[in-house]
Amino acid sequence: MKILYVSSEAVPFCKTGGLADVAGSLPPALAEQGAEVAVVLPLYERVRDRFGSQMKFECYDYVNLAWRHSYCGLFSMEKDGVTWYFLDNEQYFNRGTLYGQADDGERFAFFSRAVVRMLDHFKFWPEVVHCNDWQSALVPIYLKDDGVREDRYRSIKTVLTIHNVEYQGRYNPYVLGELFGLDTGWVKDGTLLMDGDVNLLKGAVLCADAVNAVSPTYANELKMPYFAHRMEGIMRQCSDKLSGVLNGIDMKLYDPRTDNRIVKNFSAEDMTGKDACKAELRRMVGLREEAHTPIVAMVSRLVSHKGLDLICEVLHDMMELPMQMVVLGTGDQRYEEFFHWAAQQYPGRMAVRMDYNEDLSMAIYAGADLFLMPSKSEPCGLSQMIAMRYGTVPIVRETGGLKDTVQPCESWRDAGNGFSFTNYSSGDMLHVIREAVYLYKDYPDVFGRLRQRAMSCDFSWARSAREYLRIYATITGQAWPIPSDTRRAAEMSPEEAAPFAEVAPAEEAAPVEEAVPVVEAAPAEEAAPVEETVPVVEAAPVEEAAPVEEAVPVVEAAPAEEAAPVEEAVPVVEAAPVEEAVPAEEAVPVVEAAPAEEAAPAGKAAAEAAEEIVPAVETVPAPAEEKPAKKGRKAVSKSTSKAAKSEKKAAKKTSAKKGTAGK
Ligand code: GLC
C-alpha cells in the first residue's frame, strides 16, 4: 500500500504541538507494518538550517494557484524506512515561525496545491493521501477538483485526521478564487461554506473518503456542539466515515528502563530508581523532603481548555491535603499570575516553573506520583500516556483521549490505571484527588499495583498504525495485510490479526446493491465482530449509513464499487463508546437531512441557501421514503454545480482575508 502523509509539522524537523509528534511517529510505524510511506512537509527555515545538509535535491517545478505561478523545489531524506519530502518556496516558508502569519491561508494553499502538483515527482503515485488539520485540508479538495478533469487523481483515496477541531481555516468567501484558485461553485454548493465563511476543514471533511479524530471519544464528541466549534452538524452528517484512532507514544524514547534523561532508570518490576527521581525532582524545583507525601504534577500549556479554572477554584482545598504540587508550563497571563502567586503561598510544598523545558518535564514525569489533567476537552493528549509509562498515575477528566487511555481505579478488584472524574466540576476533581492522595498514603501496596498497571499499558504506535492501515484498506478496497505478505501475517498474534479479519479481500468485495445497506448486507461471519463488540451498530437506522455519494457531495466521480468498502467500514461505530454513542445517535437523526450540495439550489440565492444547510442537517429528519426523490434532486444539483465549477469566472474579486484563521 502506497501512502503519502501530508503534514505541516513533524518531529524531529519542526514542532509546535502534538501534530508533530504524530507525524513524526506514525509514518515510520506504518512502514514498519509493511506499507510504502512518504511524508511531505514544508521546508521551513528551521528545517533547512538543521537538516538541509542531509537532504537530497530532487527537482523543481512550478505551481499554478489562481494567477500565481510559483517555484517549488523538492528535497528528500530517507529516515526510519520513510521518504521525507520537503517542499521549498522561500517566499512562503523561509520564515522564523510556522504559523500565525497574516498570509497563512495563502501559504498553506500553496503547500496543498504543491503537494498535488508534485505528485508526479514523488517516488510513487499514492493510493492514499493522508492529510492533517486545516493546513493540508485543501489537498482532498484539490484532488477532487483536478479529478473532474483527470482520471488519475480520482484513483487516489483521501484520509483527513482532525487533531483539534478548533482550528478550521476560515476565510472570507471572496478569497476563494484569488487565494485558493477554486471556482465559486465550491461555495455555492455549500461544500466550503460555513457560517458565511469559506471553511477549509469542513470542505475536507466532506471531500475525504475517511475522516478520523485522534481518539474514539473525541470522534464522538465532535458530533456535539460543546466540543465541535460549530462543526457538529457536518460531523454528524459524515458519521458513516468518521472514526477515532487513538494516538500512540514513542515507547522507545519514553522508556524509564533506558532513558538517559532521567537521574536513575527503573521499571515496573524494580521501582527503586523512581525514589531517586523523586528526590532529584524535589531538589530541582525546591520542594521539601517529606516522607509518604505524593507529588501531584502538571505539565501543560496554561490555557483555559486544560481545565485550569477548576484548579484556581479549589487550590487551597487541594493544598490542605498531604500532598505537594509541581506545575510546568507557559500560557495565558492570568494563569501564570495565579500559579506564581500560589507558589508563594505554599513555599516548599508547591513549585511552579513558567517554562517550556524538556529536561524538567522528563524529571517531572519520572519523579512525580500523580499527574493531573482536568481538561475541558482533550482530543487525545500525550502527556498522560508518557506519565503512565513512568509510573506517574494520571488523574484526568473523562474527555477525548483522556477517557480512552485512563480507566478509573477500582482498588477492591485491582483494576484501572488511574483516576478520573466525569463532570467539569472542581468539587468532583477535588474528591478524586483526595481519593488518589490517600490511596498513595494509606495503601501503598494497592497504589503500587495501580502504578504497575499504568506502566504496563500498550501505547505503542504499532497499534495505531494497524488501525490506520485498516482504514486505508477499507477505502481502497484492498485487503490488509496483503495476502502475499504471509510472513508478516503469520507472525501476528491472534489479537494483532483480529482487526484485519473483517476486511474482505478486494475480489470478494460485495456487489454494490448488497454493500450499500451496510451491516445487514454483509455475510453473517463478516459482520459478526462489529455487531458483537459494538451493539450501537444495530441501533443505527439503516438510513444513517448514508451511501458515500450522499455524505460527500463531491464524490460524483467515485465508481460505485469503490463506495462499498467505505460503507463496510462504518469506522465511527466501532470507535464510539457504547454509552455515549447511543444518546448521540438518538438525539440526532443525522444523515437523513439533505447534504450540503442537495440543499443548495443552483441559481441566484444559492449561497444564502447553502448557508442554511448546517441547521437543516441538525434538525430536520427526512422520512426514508423521500430518499429516491432526494437522489433525483441531487443528480440535478450535481450537474449544475459541475457546470458552475467548470465555468471559470474571469473577474475575481480582490481578496479580503478574514483574520489569520488556523493556528
Ligand atoms: C492536538 C490535540 C492533542 C493531540 C495532538 C496530537 O495537539 O490538542 O490532544 O494529542 O493534537 O493528535
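As the structure is a prediction and not an experimental result, all values here were calculated from the model. (Residues numbered from 1 in each chain as written. Predicted model: local features only at pLDDT ≥ 70, side-chain atom pairs only at ≥ 80, totals over all residues. Heavy atoms only, no water.)

1. So, helix α19 (residues 426-442)
The condition that has to hold: Starting at the N terminus, helices and strands are each numbered in turn, a helix being any DSSP run of H or I of at least four residues and a strand any DSSP run of E of at least two. By this rule, a helix spans an expected 1.5 Å times one less than how many residues it contains. Relative accessibility thresholds used throughout: buried, under 20% of the residue-type maximum; exposed, over 50%; partly exposed, between the two (1.4 Å probe, protein chains only). We call two residues in contact whenever any of their non-hydrogen atoms come within 4.5 Å of each other.
With 17 residues, α19 should cover 24 Å at 1.5 Å per step; its first-to-last C-alpha distance of 24 Å lies within 8% of that length. Residues of α19 that are buried: S426, M429, L430, V432, I433, A436, V437, L439 and Y440. The elements touched by buried residues of α19 are α13 (272-285), α14 (308-320), β16 (370-373), β17 (393-397), β18 (419-421) and α20 (444-455).

2. Let's talk about the pairing of strand β11 (residues 210-213)
Along any regular strand, the residues point their side chains to alternate faces of the sheet. Worth spelling out the cut-off: In short, DSSP must find at least two bridges between two strands for them to pair.
Burial of the side chains of β11 extends over both faces: A210 and N212 are buried on one face and V211 and A213 on the other. Two strands pair when backbone bridges link them, and strand β7 (residues 157-162) and β11 are joined in this way by four bridges, in the parallel orientation. Looking at β11, one finds that T161 is bridged to N212. Pairing of β11 with strand β12 (residues 242-244) involves three bridges; the strand directions are parallel. The residue bridging A213 from the neighbouring strand is G244, located in β12.

3. Concerning the sheet that holds strand β13 (residues 295-299)
The cut-off we apply is this: Comment: axis = line fitted to C-alpha atoms, over the contacting stretch for helices; angle = value between 0 and 180 degrees taken between N-to-C directions.
Spatially, six strands are ordered β15-β14-β13-β16-β17-β18 in an open sheet, and the strand pairing comes out parallel. Unpaired on one side and paired on the other, β15 (350-353) and β18 mark the two borders of the sheet. Ignoring strand direction, the axes of neighbouring strands in this sheet form an average angle of 15°. The pairing of β17 with β18 spans three bridges and is parallel. Each residue of the ladder has a partner; that of I395, found in β18, is F419. Docked against the sheet, helix α16 (residues 358-367) engages β13, β14 (324-328), β15 and β16, running at close to 145° with respect to β13.

4. Overview of the sheet that holds strand β9 (residues 193-194)
Spatial strand order, β8-β10-β9: three strands in an open sheet with antiparallel pairing. Strands at the two margins of the open sheet, each flanked by one partner only, are β8 (170-171) and β9. Here β9 pairs with strand β10 (residues 197-199) via two bridges, running antiparallel. Bridge assignment links L193 to a residue of β10, and that residue is V198. Contacts from helix α9 (residues 200-207) reach β8, β9 and β10 within the one sheet, and its direction differs from that of β10 by about 50°.

Take it as geometry only, folks, not as evidence of what the structure does.
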